[in-house]
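# Chains, contacts and geometry: an overview
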Amino acid sequence: MTDQSSSEPTAEGTAKRETTLDARVIDVAIRLGVLGLFAYFSLQLIAPFFLFLLWAVVLTVALYPAYGWLAARLGGRKVLSAILITLVCLAIVIGPVAVLVVSLVETLQFWLHGITGDGLKLPPLPQKLAELPIVGDRVSELWDLASRSLELFFEKIGPMVVPAGGRILSMLASLSGSVLFFIVSIILAGCLFVPGPGLAQGAKRFADRIIAPRGAEFVDLAGATIRNVSRGVIGVAVIQGLLTGVLLIVFSVPLAGVLTFAALILCIIQIGPALVIIPTIIWAWSAWDVAPALAFTVLMVPVMLVDNVLRPILMSRGLDVPMLIILIGVLGGTIAHGLLGLFLGPVVLAVFYELVIAWVKAGEDG
């Protein structure tokens with residue numbers, strides 16, 4: 001009797017505990033479902049602006065040291081410092097594009113006036129071109145037509161040029177879209193400078209909730225990686241582009257502005273300015289005397305190679321992550337996701353590398 005009576009409360013207690021556990025599971029599932037629903041709709045709302053916000057965060061982290069330095073020099077006027085940094089960044093983005101557009105318009109106007117007013121005249125066709133097999137007669141015919149009337153020449157070759165013109169216009173449209181993207185991102189970054197420290201603390205607390213106790217350390221690592229990449233890639237690219245432009249202007253190289261812009265873009269996407277500098281040096285030796293061509297070459301070659309010295313120093317400073325990891329992240333991110341991947345690639349690889357190292361060490365300690 002005693003054993004039977006003592007077993008009944010135990011069964012009831014077990015049933016109650018199971019009922020309570022089921023209720024808790026259902027309660028947690030409902031809460032997670034509601035939270036997931038809110039997260040889903042929230043992500044849908046911010047999806048059109050996600051890339052703008054992500055790039056704005058990258059710019060804010062990269063430029064925050066400059067903002068802090070300027071705010072200290074202006075007596076702690078944070079809003080004024082943010083406005084000045086934003087205006088400088090907008091000038092850096094809009095200025096070269098405006099110069100390029102003005103140069104392009106002036107060139108097109110020059111060609112248009114020359115074509116319609118017969119102001120442009122072609123020299124006689126070189127004999128070597130006329131004697132080319134297969135295409136020599138066709139080249140002679142087109143050259144003769146162009147020497148008589150450029151307007152008739154372009155009317156004749158117009159159907160062949162239209163597809164290429166369409167591709168050029170699409171490239172210009174893409175460039176204008178990219179410029180607009182950067183303008184919006186820079187303005188958003190300017191709005192993030194003042195609340196930046198609070199946002200950084202919130203990001204560290206959020207990271208601690210996910211990968212405690214090293215969440216804040218990984219946030220600091222991401223910020224340091226972004227700043228180092230901005231110095232090592234964008235900073236070196238600007239230095240190379242500026243030096244290239246100065247030398248091209250000093251030596252009066254034709255199309256100096258276009259060549260400088262091309263060199264800057266090639267530096268940013270990690271190809272390097274050699275594709276601009278080497279052909280320019282070859283042209284200089286064919287068009288100039290020995291002395292100016294030699295001086296131009298002696299000055300341009302160090303500019304072409306300076307990134308090999310500065311980039312490793314700037315990108316690895318203050319980081320425990322191997323330089324190879326950062327470099328692979330830069331190159332892989334650029335290939336996979338363009339200019340934004342230039343920053344996100346090394347950040348993701350650096351954080352993943354530290355996670356793997358921490359996991360391996362934890363296994364060894366255990």
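Here the residue index of a chain counts from 1 through its sequence in written order. At least 70 in pLDDT is required for a residue's local features to be given in this predicted model, at least 80 for side-chain atom pairs to be given and counted, and no such filter applies to totals for whole chains, interfaces and linings, which use all residues. Excluding hydrogens and water, the side-chain figures rest on all heavy atoms present in the structure.

## Overview of the confidence of the model for the chain
Should pLDDT be low for a region, the predicted coordinates there are not to be read in detail. In plain terms, the rule: Scored between 0 and 100, pLDDT is the confidence that the predictor attaches to each residue. Each helix is a run of DSSP H or I of at least 4 residues and each strand a run of E of at least 2, with the numbering of both proceeding from the N terminus. By definition, residues are in contact when any of their heavy atoms lie within 4.5 Å.
Per-residue pLDDT for the chain averages 76, and the proportion of residues at 70 or more is 69%. Mean pLDDT across the secondary structure elements of the chain bottoms out at helix 4 (residues 127-130), with 59, and peaks at helix 11 (residues 290-305), with 90. Contacts from residues 1-7, a stretch scored under 50 in pLDDT, to residues over four places away or in other chains number 0 contacts.

## Some thoughts on the environment of Leu299
Along the chain, Leu299 falls in helix 11. When the C-alpha atoms of Leu299 and Leu247 are compared, they prove to be 7.9 Å apart, with 52 residues separating the residues in sequence. Those residues in contact with Leu299, other than ones at most four positions away along the chain, are Leu247 and Phe251.

## What about the side chain of Thr244?
Looking at the secondary structure, you find Thr244 in helix 8 (residues 215-250). Ignoring any residue separated from it by four or fewer positions in sequence, one finds Thr244 in contact with Thr260, Ala263, Ile277, Met300 and Val303.

## A closer look at the packing of helix 10 (residues 274-287) against helix 11
Convention followed: Lines are fitted to the C-alpha atoms to define the axes, a helix being fitted only along its stretch in contact, and any angle between axes, read from their N-to-C directions, falls within 0 to 180 degrees. Orientation is classified from the angle alone, with under 35 degrees giving roughly parallel, over 145 giving roughly antiparallel, 65 to 115 giving roughly perpendicular, and any other angle giving oblique. Polar here means any residue other than Ala, Val, Leu, Ile, Met, Phe, Trp, Tyr, Cys and Pro, which are nonpolar, and Asp, Glu, Lys and Arg, which are charged; Gly is therefore polar.
Close contact between helix 10 and helix 11 brings their axes to 9 Å; oriented N to C, the two are set at 170 degrees. One element, helix 10, and the other, helix 11, form an angle in the roughly antiparallel class. Seen from helix 10, the contacting residues are Ala274, Ile277, Ile278, Thr280, Ile281, Ala284 and Trp285; seen from helix 11, they are Val290, Ala293, Leu294, Phe296, Thr297, Met300, Val301, Val303 and Met304. Residue composition of the contact of helix 10 with helix 11, grouped by class: 14 nonpolar, 2 polar and no charged.

## Focus: the pattern of salt bridges
As a reminder, the rule being used: The term salt bridge refers to a side-chain nitrogen of Lys or Arg lying within 4 Å of a carboxyl oxygen of Asp or Glu. Here the term buried applies to any residue with accessible area under 20% of the maximum for its type, exposed to any over 50%, and partly exposed to those in between, with areas from a 1.4 Å probe on protein chains only.
Within the structure shown, the criterion is met by 2 salt bridges. A salt bridge links Arg31 to Asp27; its shortest N-O distance comes to 3.2 Å. Taken as a pair, Arg31 and Asp27 lie in helix 1 (residues 2-46) at a separation of 4 residues, close to a single helical turn. For Arg31, a relative accessible area of 58% gives the class exposed. Close ionic contact of Asp220 with Lys204 constitutes a salt bridge, the shortest N to O distance being 3.0 Å. Of this pair, Asp220 sits in helix 8 while Lys204 is found in helix 7 (residues 196-211), placing the two residues 16 residues apart along the sequence. When its relative accessible area of 41% is taken as the criterion, Asp220 is described as partly exposed.

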